[in-house]
Amino acid sequence: METGFLKSRIGEMAYTKWGSGNNILFCFHGYSHSRSFFEPLVSPLADNYTVYSFDLFFHGDSNLYIEGCPLEKSDIEELFNPFLVNLQIDKFTVLGFSIGSRFALSLCELFPHKIHKLILLAPDAIKENFWFKLSTGSSVARRFFKNIIDAKMVYSYMPHLAKRMRWIDEKVYRFAITQLDTKSKREKVYHSWLAFRKLVFDKKGLIKLFKGNQIKVFFIMGKYDYVIKPFPVIRFCKSAGICKHYMVPATHGKILESMVNNQQLLHIVFNDQQPL
């Protein structure tokens, strides 16, 4: 195991490297996790992959120097291009979970000729998140979002109101409560959402990108996922005509675990085994 940082003028992104296989895998975790999230993948992939797992900004040991300004895709290019050049990486697979899918898809757009496979676990970047857009879509909304960071009573009331108005169901309500119950958690949501708000993607453009560069695309969705519901993503897969999608019996936070425990699925996604 090795650790290090990708550094540029905009910040430093921490990573851990596992394994020494010929295939390169970049991993981006979801909200509230860290780069250690993908450690369960290391053993199953040890013979074939070298795994680099990165901390998103505002998570783990990564630091963003331009706090308050949204990340541009060009900022991600500035971070990763020297890394790819220095390690002489010509082809790699990229995996993104939940909000980490924004970084995975950004690398696809920035380095399409270098991407062998794209693997997305419950990606939040395919269907626009209503709350994400509402909170970050305008300067007025962003100021309001900022002003209530310290207002625990407001944050406690908002999920109750959303539930009462039937904007969210019971499961999403419980998830929201656990993610907003401390100031540090609320600040992480605020800073992450504002920093990542420009990492958005045109669906038709993505399909053209995948086809034009012969990128193999896999979507893994949770049958019981109430955070990123699977069916909008599955519709995108079917409309694209080139993506493969698989459903695992898991909630949002257990999708990786469910995939790791499914040997056949691992072989299909990572080792190009044809499905039975």
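Residues numbered from 1 in each chain as written. Predicted model: local features only at pLDDT ≥ 70, side-chain atom pairs only at ≥ 80, totals over all residues. Heavy atoms only, no water.

Quick look at the side chain of H252 now. Looking at the element boundaries, H252 is found in the loop between β9 (243-248) and α11 (255-260). The exposure class of H252 is buried, given its relative accessible area of 9%. A distance of 3.1 Å separates the side chain of H252 from the side chain of S98, its partner in a polar contact. Among the polar contacts listed, one links the side chain of H252 to the side chain of D225, at a separation of 2.8 Å. Apart from the residues lying within four places of it in its own chain, the contact partners of H252 are F97, S98, A122, D225, V227 and I228. (Helix = DSSP H or I, 4+ residues; strand = E, 2+ residues; numbered from the N terminus. Buried < 20%, exposed > 50% of the residue type's maximum accessible area, 1.4 Å probe, protein only. Polar contact = N/O pair within 3.5 Å; in protein donor to acceptor, adjacent residues only side chain to side chain. Contact = heavy atoms within 4.5 Å.)

Here the focus is unusual backbone geometry. The backbone phi angle of S32 is positive, close to 75 degrees, even though this residue is not glycine. Structurally, S32 can be placed in the loop between β3 (23-28) and α1 (42-45). Residue S32 is classed as partly exposed on the basis of its relative accessible area of 40%. Its identity is not glycine, yet Q88 carries a phi of approximately 55 degrees, on the positive side. Looking at where Q88 falls in the secondary structure, it is placed in the loop between α2 (73-86) and β6 (92-97).

Counting buried positions over the seven residues of strand β7 (residues 115-121) gives six, a clear majority of the element. Bridge analysis of β6 against β7 gives six bridges, and the strand direction is parallel. The partner of T93 across the bridge, within β7, is K117. Taken together, β6, helix α3 (residues 101-110) and β7 constitute a β-α-β crossover, and its handedness is right-handed. Judged from the five bridges that link them, β7 and strand β8 (residues 216-222) form a sheet pairing that is parallel. For L121, the partnering residue across the bridge sits in β8 and is I220. (Pairing = 2+ DSSP bridges. Right-handed = clockwise from strand over helix to strand, strands pointing away.)

Further remarks concern the packing of aromatic side chains. By convention here, two paired aromatic rings are described through the distance between centres and the angle between planes. Throughout the structure, instances matching the rule amount to 19 aromatic pairs. Where F26 meets F54, the ring centres are 5.3 Å apart and the plane angle is 80 degrees; that geometry is what we call edge-to-face. Of this pair, F26 sits in strand β3 while F54 is found in strand β4 (residues 49-54), placing the two residues 28 residues apart along the sequence. One exposure class covers both F26 and F54, and it is buried. Within the aromatic cluster, the residues linked to one another by ring pairs are Y15, F26, F28, Y52, F54, F80, F83, F92, F103 and F196. (Phe/Tyr/Trp six-rings, centres within 6.5 Å; stacked < 30°, edge-to-face > 60°.)

Note that M247 resides in strand β9. A residue is classified by how much of its surface remains accessible, and M247, at 37% relative accessible area, is partly exposed. Separated by 23 residues in sequence, M247 and Y224 place their C-alpha atoms 9.5 Å apart. Here M247 is in contact with M221, G222, K223, P230, F231 and I234, once residues within four sequence places are set aside.

Contact geometry for α3 and helix α9 (residues 203-212): axes closest at 10 Å, N-to-C directions at 60 degrees. By the criterion of interaxial angle, the relationship of α3 to α9 is oblique. In terms of crossing hand, the pair formed by α3 and α9 is left-handed. Here L105, C108 and E109 of α3 lie close against α9, whose contacting residues are L206, L209 and F210. Residue composition of the contact of α3 with α9, grouped by class: five nonpolar, no polar and one charged. (Axes fitted to C-alpha atoms, helices over the stretch in contact; angles between N-to-C directions. Parallel < 35°, antiparallel > 145°, perpendicular 65-115°, else oblique. Left-handed = near helix turned anticlockwise from the far one by under 90°. Nonpolar A, V, L, I, M, F, W, Y, C, P; charged D, E, K, R; others polar.)

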